[in-house]
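Observations on the model geometry
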Amino acid sequence: MARLGAWLMAMLPQHGLSRCMHGVARWHWRPAKQLLIRAFCRYAGIDLTEAAIQDPADYPSLNALFTRALATGKRPIEATADAFVSPIDGALSEFGDIHEGELIQAKGQRYDLSSLLAGDPQLAAPFEAGRYATLYLSPRDYHRVHMPVTGELEQIIHVPGRLFGVSAPVVRHVPRVFARNERVITVFETAFGPMAMVLVGAIGVGSIETIWTGEITPPRGQRVRSWDFRSEPPVLPMGAEMGRFNLGSTVILLLPADAVDWAPSLTPTMPLRMGQRLGQCHRHADALDDSGVWPVESHHLGDGVNPGSQGE
């Protein structure tokens with residue numbers, strides 16, 4: 001049945017449906033948006049007790065509910081100079097070592113690192129024998145994405161593609177789904193070396209945003225787009241918001257070999273909370289100052305952060 005569902009999904013007009021969802025989620029007409037919000041809260045089991053706004057009627061649109069902020073203090077960061085923390089609320093799908101340039105998508109399914117990274121061998125090289133973690137956000141989860149460590153942004157790359165769902169049954173039956181779906185690749189320099197965070201789109205995910213560029217998708221096209229920040233790289237501390245999804249999707253973390261030792265408590269499918277410690281970093285001796293952090297302020301979407309220069 002799951003295989004049949006995956007086949008049917010491949011036949012759907014994925015981008016057309018997602019564009020419709022993008023528009024519907026931004027309706028501000030009160031009767032329509034109230035009906036949508038109530039229906040979605042029941043369907044997805046949304047828990048607003050930890051949200052900054054707890055009354056569904058106070059959200060101006062369904063999209064505002066998707067991208068809701070948490071109340072202050074609800075996600076304490078398990079931070080030390082060597083900590084590596086979860087960037088999202090969700091679940092740990094897979095994690096481990098990258099073998100011969102391949103990652104595990106699900107049991108019996110593997111995919112190629114270079115394909116995930118837009119077919120760029122230079123971008124993939126630091127992670128060829130590295131480590132990875134795949135984190136899934138369901139529709140009910142908090143949809144903002146935060147920094148797992150302090151990082152200095154170098155590049156953002158938007159890769160167009162399909163919009164298959166990324167729930168567990170689909171991931172088990174659609175080959176190379178993460179390397180086929182639309183995605184936004186963010187590349188950072190950190191205390192342990194390079195790190196890539198790949199934000200993977202899915203059907204119904206009306207947009208992917210970062211604090212530097214604003215909304216990247218839509219618009220959609222067939223060309224890879226990139227933003228280069230290396231001349232004046234902005235820095236974000238551990239726990240700061242770096243982007244967000246609408247609905248749910250997936251974040252894939254890519255790290256060099258021996259950059260992080262995963263916490264012994266990690267197991268596939270375990271629930272995660274943003275700020276929860278995932279492991280311990282092996283910091284380069286000359287990477288940062290003695291405290292292991294850069295002293296910068298946190299920014300959020302809408303704060304007016306200027307994007308870097310865009311290239312095609």
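**Things to note about the overall build of the protein**
Check the secondary structure of the protein and you find eight helices and 19 strands. Per-residue burial over the protein gives 52% buried out of 312 residues. Summarising the internal contacts of the protein: among those between residues at least 6 apart in sequence, 78% fall at separations of at least 24. Of the roughly 13700 Å² that the protein leaves accessible, carbon and sulfur atoms contribute 54%.

**Regarding a negative patch on the surface**
On the surface, Glu100, Glu102, Asp112 and Glu128 cluster together into a patch of negative charge. In this fold, Glu128 is placed in the loop between helix H6 (121-124) and strand E5 (131-136). Under the relative-accessibility criterion, Glu128 is labelled partly exposed at 32%.

**What to know about the pairing of strand E8 (residues 183-190)**
Judged by how many residues are buried, E8 sits mostly within the fold: seven of eight residues are covered. Across eight bridges, strand E7 (residues 151-159) lies against E8 in antiparallel orientation. Across the sheet, Gly151 pairs through a bridge with Thr190, a residue of E8. Note: E8 against strand E9 (residues 193-200), eight bridges, orientation antiparallel. Bridging from a neighbouring strand, Arg183 pairs with Val200 of E9.

**Describing the packing of aromatic side chains**
Tallied over the entire structure, the rule returns seven aromatic pairs. Taking the centre distance of 6.1 Å and the plane angle of 70 degrees together, the rings of Phe84 and Trp262 count as edge-to-face. Here Trp262 lies in strand E16 (residues 260-262) and Phe84 lies in strand E1 (residues 83-85), a separation of 178 residues in the sequence. With respect to burial, Phe84 and Trp262 carry one shared label: buried. Linked through ring pairs, Phe84, Phe95, Phe192 and Trp262 together constitute an aromatic cluster.

**What to know about the sheet that holds E1**
In space, the three strands of this open sheet follow the order E1-E18-E16, with antiparallel pairing throughout. Taken across any chain shown, the strands that pair with only one partner, and hence form the sheet edges, are E1 and E16. Along the sheet, successive strands turn relative to each other by an average axial angle of 35 degrees, direction set aside. Here E1 pairs with strand E18 (residues 277-281) via three bridges, running antiparallel. The partner of Val85 across the bridge, within E18, is Arg277.

**Things to note about the sheet that holds strand E10 (residues 208-210)**
In space, the four strands of this open sheet follow the order E6-E14-E10-E11, with antiparallel pairing throughout. Either end of the sheet is taken by a strand with one partner, and the two such strands are strand E6 (144-146) and strand E11 (214-217). In this sheet, neighbouring strand axes are inclined to one another by 25 degrees on average, regardless of whether the strands run parallel or antiparallel.

**A look at helix H3 (residues 30-44)**
For H3, with 15 residues, the first-to-last C-alpha span of 21 Å sits near the 21 Å given by 1.5 Å per residue. Every buried residue of H3 is accounted for by Ala32, Lys33, Gln34, Ile37, Phe40, Cys41 and Ala44. Among the structural elements, helix H4 (62-66) are those in contact with the buried residues of H3. Note on H3: the residue one or two positions beyond its end, Gly45, has a positive phi of about 70 degrees.

**Side note on the pattern of salt bridges**
Considering all chains together, one arrives at nine salt bridges under this definition. Its salt-bridge partner being Asp228, residue Arg230 comes within 2.7 Å of it at the nearest N-O pair. Its relative accessible area of 32% is what places Asp228 among the partly exposed residues. For the salt bridge of Arg244 with Glu241, the shortest nitrogen-to-oxygen distance reads 2.9 Å. This pair shows no difference in class: Arg244 is buried, exactly as Glu241 is. Several salt bridges converge on common partners, so that one network encompasses Asp97, Arg131, Asp258 and Asp261.

**So, the nonpolar core**
Most often, soluble globular proteins have nonpolar side chains that are buried together. Counting residues in hydrophobic clusters, the biggest one holds 39 residues, and the most contacted among them are Phe84 and Met197. At the level of elements, E5, E7, E8, E9, strand E14 (241-245), strand E15 (250-255), E16 and E18 are the ones that each hand at least two residues to this core. Among the nonpolar cores identified, the runner-up in size contains 29 residues, and Ala106, Ala124, Tyr132 and Val198 belong to it.

**Comments concerning the environment of Val184**
The topology assignment puts Val184 in strand E8. For the pair Val184 and Thr210, spaced 26 residues apart in the sequence, the C-alpha separation amounts to 9.2 Å. Not counting residues within four places of it along the chain, the set of residues in contact with Val184 comprises Ile156, Ile157, His158, Met197, Val198, Leu199, Ile208, Thr210 and Ile216.

About the thresholds
Residues numbered from 1 in each chain as written. Predicted model: local features only at pLDDT ≥ 70, side-chain atom pairs only at ≥ 80, totals over all residues. Heavy atoms only, no water. Helix = DSSP H or I, 4+ residues; strand = E, 2+ residues; numbered from the N terminus. Buried < 20%, exposed > 50% of the residue type's maximum accessible area, 1.4 Å probe, protein only. Contact = heavy atoms within 4.5 Å. Areas by Shrake-Rupley, 256 points an atom, 1.4 Å probe, with all protein chains shown as cover. Patch = residues over 30% accessible without salt bridge, like charges linked within 9 Å, V, L, I, M, F, W, Y side chains within 5 Å. Salt bridge = Lys/Arg side-chain N within 4 Å of Asp/Glu carboxyl O. Lys, Arg positive; Asp, Glu negative; His and termini not counted. Charge placed at Lys NZ, Arg CZ, Asp CG, Glu CD. Pairing = 2+ DSSP bridges. Phe/Tyr/Trp six-rings, centres within 6.5 Å; stacked < 30°, edge-to-face > 60°. Axes fitted to C-alpha atoms, helices over the stretch in contact; angles between N-to-C directions. Expected span 1.5 Å × (residues − 1). Core = buried A, V, L, I, M, F, W, Y, C linked by side-chain atoms within 4.5 Å.

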